[in-house]
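Fold and geometry: a report
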Amino acid sequence: MTFEEALTLLLAGTNETLQKNGFSAVIPDNVEKDALPLSSDGEHTYMDFTGDKGRVRFDFCGTQAVLLCGDADAQDEQLTKVSTNYFDPEEFTQRDIKSLCNEFNDTLDSKFAEKNGNKSKSTKMPAPVSRSAVKNGSQSYDGNTLANRLLALYPDLKEPYRANYETYGEFLPETFFIEHATARVIGTIRSGSRQECTKLFRILNDIYENGSNDTQGLIAVTILGEMHNDPKLCETAEQYMCEDMHDTVLLINRYLESSKGKRMREKLQNPPAYKPKKEKKPGMFAQALAGSGGAGTPPMA
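Before going into details, it helps to say that this report is about the structure given with it. (Residues numbered from 1 in each chain as written. Predicted model: local features only at pLDDT ≥ 70, side-chain atom pairs only at ≥ 80, totals over all residues. Heavy atoms only, no water.)

**Section: the overall build of the chain**
- Broken down by element type, the chain carries 12 helices and eight strands.
- Burial analysis of the chain (301 residues in total) assigns 42% to the buried set.
- Of the accessible surface of the chain, which amounts to about 17800 Å², a share of 49% is contributed by carbon and sulfur atoms. (Helix = DSSP H or I, 4+ residues; strand = E, 2+ residues; numbered from the N terminus. Buried < 20%, exposed > 50% of the residue type's maximum accessible area, 1.4 Å probe, protein only. Areas by Shrake-Rupley, 256 points an atom, 1.4 Å probe, with all protein chains shown as cover.)

Shown next, in the form of C-alpha cells:
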C-alpha cells in the first residue's frame, strides 16, 4: 500500500480511541478539510492531536512509527516517546496496520484512560535504536531493536516482550528469543511463504548488517542456528539472507550439528552445578610464620 493509504487506515483504526480520550486532530493551515492532517519537517511526517489531557503525535520517519505524548502546553521537543514500532507501507498488509492500531490504542488507553478516577500507569518500554542513529554512526542496532521490529510480524509476542522487561527490569534478548520468538522465526522459514520470508529477512538482514557483535550472534546462533542444519530450511533461508550473514549462518548450522557442536549445545543447555571455590589452606611456611607472630625475617644461625 502507499504511505497515504497506510496512514488513512491507521487514522481510521485509532480515531475512536482518540475521541474517547478527548483528542481531536490539528488541521494544518495548508491542508484541505477532508485530507489527512499531515505536517512535515523534511525528515519526519506527523499528525498532531490535542485535548484537555494533553498532546499526542503520530510521527513517521524511515521505517518507524512513533507515538509521542505530552502536556497540553508541551513544545515539540518536550514530547515523550511512549511507543516505537516498525512501519513499512510497501510491505505492510491490512493485518499489519491493524496490529499497529492495536498497539497505539492500547498505549493511548494505558496513558490517558481513567480507571477508578486515576490514570492507569504504563510500563515505559526501552526505546529501539533509530535508523538515523545507525546512519550517522553513533549507535548500532541491539537485541531490543531486533525484537521490536519483529513485533510487527508477530503481534502476539508483544505481551511476552513486555513481560520480559517487567520481570527482569531490563530487556533480555537471549531469554526472549529462546523462550518465544525463535520458534516463530523458524516457523516462517518453514512455511516457505515468499511474502512472509521477504518481510522477515528484510528485518534480519538490516539488523545484522548494522548491528553490534552481540546482535549479530543473536541472529546467527540463537535464532538461525535453530534451523539445525535442516537442508530444506537452510535452502529457503539462503534465498533471502544477505551476503554478510550467508556463509556465517550456514557454517554455524553445520558446526552446531557436528558431534563437537552437539556437545557444546548440550553443555549450554545443561550447565554443571555451581561449586564454590575451596578455601586455600596456608602452606607450611605461612603456618610457621603465623605461629611465630608475624612475617618477619628468620634470625641468622
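That was the structure; now back to the text.
**Here we look at a negative patch on the surface**
- Together, E209, E235, E238, E243, D244 and D247 make up a negatively charged patch on the protein surface.
- Breaking the negative patch down by element, the ones donating at least two residues are α9 (231-238) and α10 (243-256).
- Mapped onto the elements, E243 comes out in helix α10. (Patch = residues over 30% accessible without salt bridge, like charges linked within 9 Å, V, L, I, M, F, W, Y side chains within 5 Å. Salt bridge = Lys/Arg side-chain N within 4 Å of Asp/Glu carboxyl O. Lys, Arg positive; Asp, Glu negative; His and termini not counted. Charge placed at Lys NZ, Arg CZ, Asp CG, Glu CD.)

**Description of the pairing of strand β3 (residues 45-51)**
- Taken across its seven residues, β3 has five buried, putting it largely inside the fold.
- When strand β1 (residues 24-25) meets β3, the two strands line up antiparallel, connected through two bridges. Of the residues in β3, the one forming a bridge with S24 is T50.
- Two elements, strand β2 (residues 39-40) and β3, share two bridges in a ladder whose sense is antiparallel. The partner of S40 across the bridge, within β3, is T45.
- Once β2 ends, the chain turns through four residues before running back antiparallel as β3, passing G42 with a positive phi of about 105 degrees.
- Where β3 lies against strand β4 (residues 54-61), seven bridges are found, and the strand directions are antiparallel. Paired with F49 across the two strands is V56, which belongs to β4. (Pairing = 2+ DSSP bridges.)

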